[in-house]
Amino acid sequence: MFRPAITLLPFAVAAAAVPAAATAHPATTNAAPKTAKSAKTQTVKLRFAAVAGNAPVSCEAPIAGLGTTSQTADLKDLRFFVSDVKLLRKDGTGVSVKLKANKDYRVTGAKGSVTLIDLENGKGACAEEGTPGTNASVIGTVPRGTYVGVRWSLGVPFALNHTNTAGAAGPLGLSAMAWSWQFGRKFVKVEFADPAAAGTQPTSGMKMQMAMPGTTPAPTPAAGAWAAPTYFVHVGSTGCTGNPATGNAVSCLAANRSTVKLAKFNPTTQQIAVDVAQLVAGNDLAKSPDMMPGCMSGPADPECGSEFKALGISWSADGKATGKATGSQSVFRAID
Amino acid sequence: MRRVWTPRRALRRAGSSPRLRFDAALVALTLLGGSGLYAMSSTAGDRDQQWLWSLPSDFPTPREPKTNPMTTAKVDVGRRLFYDVRLSGNGKQSCSSCHLQALAFTDGLKTAIGSTGEAHPRNSQSLVNVGYQSTLTWANPSLVTLEAQMQVPLFGTGPVELGVTDANKEAILDRIAKDPWYAKRFKAAFPGRRKPITWDAIVKAIASFQRSIVSARSRYDRYLAGKAKLAVAERRGMKLFMGEKAECHHCHGSFIFNDQVSYVSAPLETPKFHNTGLYNLGGTGAFPQPNRGVFELTGRAQDMGRFKAPSLRNVELTAPYMHDGSIATLEEAVDHYERGGRLIPDGPLAGDGAKNPFKDPLITGLTLTSRDKADLVAFLKSLTDRAVTKDPRFADPFATSTPKSR
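Residues numbered from 1 in each chain as written. Chains lettered and ligands numbered in written order. Predicted model: local features only at pLDDT ≥ 70, side-chain atom pairs only at ≥ 80, totals over all residues.

## Some remarks on the overall build of chain A
Then, in step 1: A tally of regular secondary structure across chain A gives five helices and 20 strands.
Then, in step 2: Residue burial in chain A is summarised as follows: out of 336 residues, 51% are buried.
Then, in step 3: Restricting the contact set of chain A to residue pairs at least 6 apart, pairs at least 24 apart contribute 72%. (Helix = DSSP H or I, 4+ residues; strand = E, 2+ residues; numbered from the N terminus. Buried ≥ 20, exposed ≤ 12 C-beta atoms within 10 Å, placed from the backbone. Contact = placed C-beta atoms within 7 Å.)

## Observations concerning the overall build of chain B
Then, in step 1: Summing up its helical and strand segments, chain B has 15 helices and two strands in all.
Then, in step 2: Buried positions account for 53% of the 406 residues belonging to chain B.
Then, in step 3: Relative to all contacts within chain B whose residues are 6 or more apart in sequence, the contacts with residues 24 or more apart total 67%.

## Description of the interface of chain B and chain A
Then, in step 1: The partner chain A presents 43 residues to the 55 residues of chain B that form the contact.
Then, in step 2: For the side of chain B that touches chain A, the secondary-structure elements that each account for two or more residues are α4 (146-149), α5 (151-155), α8 (199-212) and α12 (295-298) of chain B.
Then, in step 3: Along the lines of polarity and charge, the residues of the side of chain B that touches chain A split into 25 nonpolar, 20 polar and ten charged. (Nonpolar A, V, L, I, M, F, W, Y, C, P; charged D, E, K, R; others polar.)

## What about unusual backbone geometry?
Then, in step 1: Residues G158(B) and P159(B) are joined by a peptide bond in cis, for which omega reads 0°.
Then, in step 2: If you trace the backbone, P159(B) turns up in the loop between α5 and α6 (169-178).
Then, in step 3: Omega for the peptide link from A319(B) to P320(B) comes to -10°, which places this bond in the cis form.
Then, in step 4: As for its placement among the helices and strands, P320(B) is situated in the loop between α12 and α13 (330-339).
Then, in step 5: Look at F183(A): it is not a glycine, yet its phi comes out positive at around 50°.

## Observations concerning helix α10 (residues 232-242) of chain B
Residues and elements named next belong to chain B.
Then, in step 1: Turning to α10, its buried residues number three or more, namely E234, G237, M238, L240 and F241. Viewed along the axis of α10, the buried residues span an arc of 165°, placing them on a single side of the element.
Then, in step 2: On the buried face of α10, the contacting elements are α11 (249-252) and α14 (370-381). (Arc of directions from axis to C-beta.)

## Things to note about the nonpolar core
General note: in soluble globular proteins, nonpolar side chains tend to be found buried as a group.
Then, in step 1: By size, the foremost hydrophobic cluster in this structure holds 138 residues, and its most contacted members are L75(A), V274(A), V276(A) and I206(B).
Then, in step 2: Residues within four places of I206(B) in sequence aside, it is in contact with G78(B), L81(B), F82(B), C95(B) and M150(B).
Then, in step 3: Ranked by size, the runner-up nonpolar core spans 40 residues in total, among them C248(B), F257(B), Y321(B) and Y337(B). (Core = buried A, V, L, I, M, F, W, Y, C linked by C-beta atoms within 7 Å.)

## A look at the environment of L154(B)
Residues and elements named next belong to chain B.
Then, in step 1: Mapping L154 onto the fold places it in helix α5.
Then, in step 2: The exposure class of L154 is buried, given the 27 C-beta atoms found within 10 Å.
Then, in step 3: Residues L154 and L87, 67 residues apart in the sequence, show an inter-C-alpha distance of 8.6 Å.

## A short note on the environment of L75(A)
Residues and elements named next belong to chain A.
Then, in step 1: In this structure, L75 sits in strand β4 (residues 71-88).
Then, in step 2: Exposure remark for L75: the 26 C-beta atoms within 10 Å place this residue in the buried category.
Then, in step 3: In this structure, the C-alpha to C-alpha distance between L75 and V44, residues 31 residues apart in sequence, is 29 Å.
Then, in step 4: If near-sequence neighbours (up to four positions away) are discounted, L75 is found in contact with V57, S58, C59, I63, A125, C126, F192 and V276.

## A closer look at the pairing of strand β14 (residues 230-235) of chain A
Residues and elements named next belong to chain A.
Then, in step 1: For β14, a buried count of six out of six residues is recorded, marking the element as mostly surrounded by other parts of the structure.
Then, in step 2: Alternating residues of β14 divide into T230, F232 and H234 and Y231, V233 and V235, and every residue in both groups is buried.
Then, in step 3: The sheet contact formed by strand β13 (residues 188-193) and β14 spans six bridges and is antiparallel. When the sheet's bridge partners are listed, V188 is paired in β14 with V235. (Pairing = 2+ DSSP bridges.)

## Quick look at the confidence of the model for chain A
Residue and element names in this part refer to chain A.
Then, in step 1: When the pLDDT values of chain A are averaged, the result is 83; 81% of them are 70 or greater.
Then, in step 2: Low pLDDT, under 50, characterises residues 1-35; the stretch is placed with 31 contacts to residues that sit more than four places away or in other chains.
Then, in step 3: Taken as a whole, residues 201-222 scores under 50 in pLDDT and shows 55 contacts with residues more than four places along the chain or in a different chain. (pLDDT = per-residue confidence, 0-100.)

## Quick look at the confidence of the model for chain B
All names here are of chain B.
Then, in step 1: In this model, chain B carries a mean pLDDT of 88, and residues with pLDDT of at least 70 account for 86%.
Then, in step 2: Note on residues 1-47: pLDDT under 50 across the span, and 78 contacts to partners over four residues away in sequence or across chains.
Then, in step 3: Under a pLDDT of 50 for its full length, residues 402-406 has, in the predicted model, five contacts with residues more than four places off or in other chains.
Then, in step 4: Here the complex is predicted with pTM 0.81, and the ipTM for its interfaces comes to 0.76.

## Quick word on the packing of α10(B) against α14(B)
For any two helices packed against each other, the geometry comes down to the angle between their axes and how far apart the axes lie.
Residues and elements named next belong to chain B.
Then, in step 1: In contact at an axis separation of 7 Å, α10 and α14 are set at 95° when each is read in the N-to-C sense. In terms of their interaxial angle, α10 and α14 are classed as roughly perpendicular. Contact with α10, carried on its side by A233, E234, R236, G237, M238, L240 and F241, involves D372, A374, D375, L376, A378 and F379 of α14 and no other residues of that element.
Then, in step 2: A per-class count over the contact of α10 with α14 returns eight nonpolar, one polar and four charged. (Axes fitted to C-alpha atoms, helices over the stretch in contact; angles between N-to-C directions. Parallel < 35°, antiparallel > 145°, perpendicular 65-115°, else oblique.)

## Section: the environment of R193(B)
Then, in step 1: Summarising the element assignment, R193(B) is placed in the loop between α7 (180-189) and α8.
Then, in step 2: Along the primary structure R193(B) and T145(B) are separated by 48 residues, whereas in three dimensions their C-alpha atoms are 23 Å apart.

## Some words on the packing of α13(B) against α14(B)
Residue and element names in this part refer to chain B.
Then, in step 1: It is the contact of α13 with α14, at a shortest axis distance of 10 Å, that shows an interaxial angle of 125°. Overall, the two elements α13 and α14 adopt an arrangement that is oblique. Note on packing geometry: the crossing formed by α13 with α14 is right-handed. Facing L330, E331, V334 and E338 of α13, the residues of α14 in contact are K373, L376, V377 and L380. (Left-handed = near helix turned anticlockwise from the far one by under 90°.)

Below you can see the structure in the form of structure tokens.
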């Protein structure tokens with residue numbers, strides 16, 4: 001016999017399921033009458049919380065102590081896709097969470113399902129590309145049972161990823177999450193802004209190397225203290241190749257989807273911390289050794305090494321990384 | 001082999017029954033008095049959405065995505081959208097801002113400038129015959145349809161081009177919807193949709209217009225059709241171009257003078273990209289960021305500096321040249337290939353491109369006389385199709401009707 005970490009009695013299941021459904025889908029509650037089937041499932045609500053170390057973070061207050069040189073930064077964006085969520089039984093087996101339909105933050109369908117976790121509220125430093133709405137949770141159902149942990153894929157499933165943003169459903173239609181240079185999506189979009197450069201620089205912070213000696217203007221220096229006004233962490237599949245005959249993306253050299261596993265996690269009482277300080281712990285936000293400040297998943301992007309390690313994605317400086325999940329990450333953890 | 005053009009051969013449509021439109025097209029041909037190399041497609045009226053490809057005689061039928069078959073109504077809507085500055089976030093640019101018809105749909109700049117003033121790292125490419133390109137943009141194996149490519153100028157942020165964002169994209173749709181012309185035509189172009197004016201529809205319409213820009217009415221084409229003569233220098237240049245002395249044909253040998261084309265029942269080939277020795281930073285083989293070609297996507301050493309060979313049709317009009325506009329004239333471009341790579345003696349980009357370890361093995365340097373080089377340039381200029389730069393089917397619809405509403 002084992003002692004379950006969480007035991008949900010049938011009464012508790014029903015009590016948990018009804019309010020969650022009522023909150024998220026007032027319009028559909030009546031359409032899903034209680035049946036014997038619902039008694040066999042329980043609602044799951046995985047709640048994510050943005051933190052730096054132990055402190056909550058938001059778009060509206062600078063975050064201190066980030067990176068190797070302990071920079072203070074504004075949070076400019078914090079969104080990521082979560083798919084293939086499985087709750088773990090005590091014996092380690094995973095049980096798939098069936099997502100509830102939601103047009104703004106979840107996609108559910110034959111080709112796969114995915115949730116956008118949106119921890120920015122479009123205020124403060126997030127005003128530029130952010131949205132007023134937020135979504136901190138993955139909501140769905142699992143067979144009634146006892147679960148002690150959780151596992152998920154950090155990203156958009158391949159079958160949904162390489163599709164047109166224009167006209168795509170729900171979060172896949174967000175232009176901010178479009179990853180147009182690889183005809184896919186940004187799986188993770190975390191951005192920091194130099195508070196000293198606020199409002200002084202163009203969006204991308206991109207600096208141009210001269211195309212020919214002496215013929216192009218020199219790079220525009222940032223007004224703030226950092227080498228570039230924004231520090232980007234954009235994770236997505238790279239090295240993708242389409243098929244001109246069919247118009248489809250057929251393969252990517254590096255998938256760059258992490259598999260995050262929290263072996264000890266109580267989905268009813270605990271939340272999942274997203275620690276932005278851990279994400280950039282190995283880099284200096286004020287420096288930009290290459291043209292693009294931060295890690296944009298480029299296979300030879302020098303800043304990606306420590307961030308991919310923190311996220312649990314294999315990476316090597318020679319560009320030969322496979323982009324497979326390493327199984328070891330430091331950004332997500334269970335908190336009470 | 002090149003075949004002589006006939007009206008019958010030119011009238012190929014995507015569907016199976018060309019006869020239905022044949023009479024109308026023949027009338028158009030008669031009206032043209034045989035002066036054009038092929039028929040205008042505008043014989044199909046607005047009420048007839050069936051698209052009739054009107055192709056140069058030796059051009060294959062372009063591919064159409066299953067999800068976006070060509071119709072005259074979509075092409076019409078797409079043409080107006082292509083020229084409509086309301087499509088950008090700040091209302092300052094349209095697709096045509098960087099793709100000017102007079103310049104074979106390029107912009108004459110070294111590298112493009114986006115709607116917010118941000119500099120683009122790459123040179124704007126021609127859109128003539130773009131529907132035949134296997135991949136889009138300068139070095140991106142993942143962008144294989146115009147619909148996919150359009151996500152970049154619409155939504156891209158590094159750099160901002162048209163600057164469509166989640167915050168303004170509904171407002172932009174409202175701008176479009178308020179125009180009665182669009183309100184009527186979108187309904188016709190996208191029948192059966194509850195809401196016809198969407199970003200999906202906008203992308204499909206513009207892509208359809210771009211696919212319609214098929215043209216081959218240069219003096220070279222007329223020469224092949226037996227309707228014009230090339231000058232001695234041009235003919236000599238052609239032989240050099242097609243032969244093993246200048247070897248241009250290896251990468252510019254297709255019917256649109258590049259080496260990656262896609263069309264109905266084309267053989268399946270992996271699109272090719274080439275490092276032509278433009279740079280060799282510090283002798284490492286590196287190209288300057290963010291212009292390292294396919295390497296930017298794959299990180300594989302062998303992809304350093306690999307870019308697409310552009311179509312050389314209308315190359316006289318598309319200066320400056322190369323992915324970064326770093327070669328100003330055709331004469332300089334020929335010099336570059338003669339040397340087998342560019343030498344940059346000093347400055348931050350110093351290095352001998354001829355010694356770039358990732359250079360394409362075909363770029364070995366050439367032995368050309370000054371006459372050879374002049375003749376090559378003369379031949380390249382015979383590829384200029386002035387008709388496409390003035391063709392009313394591809395022209396700015398705002399230029400004569402309602403310029404103020406732009």
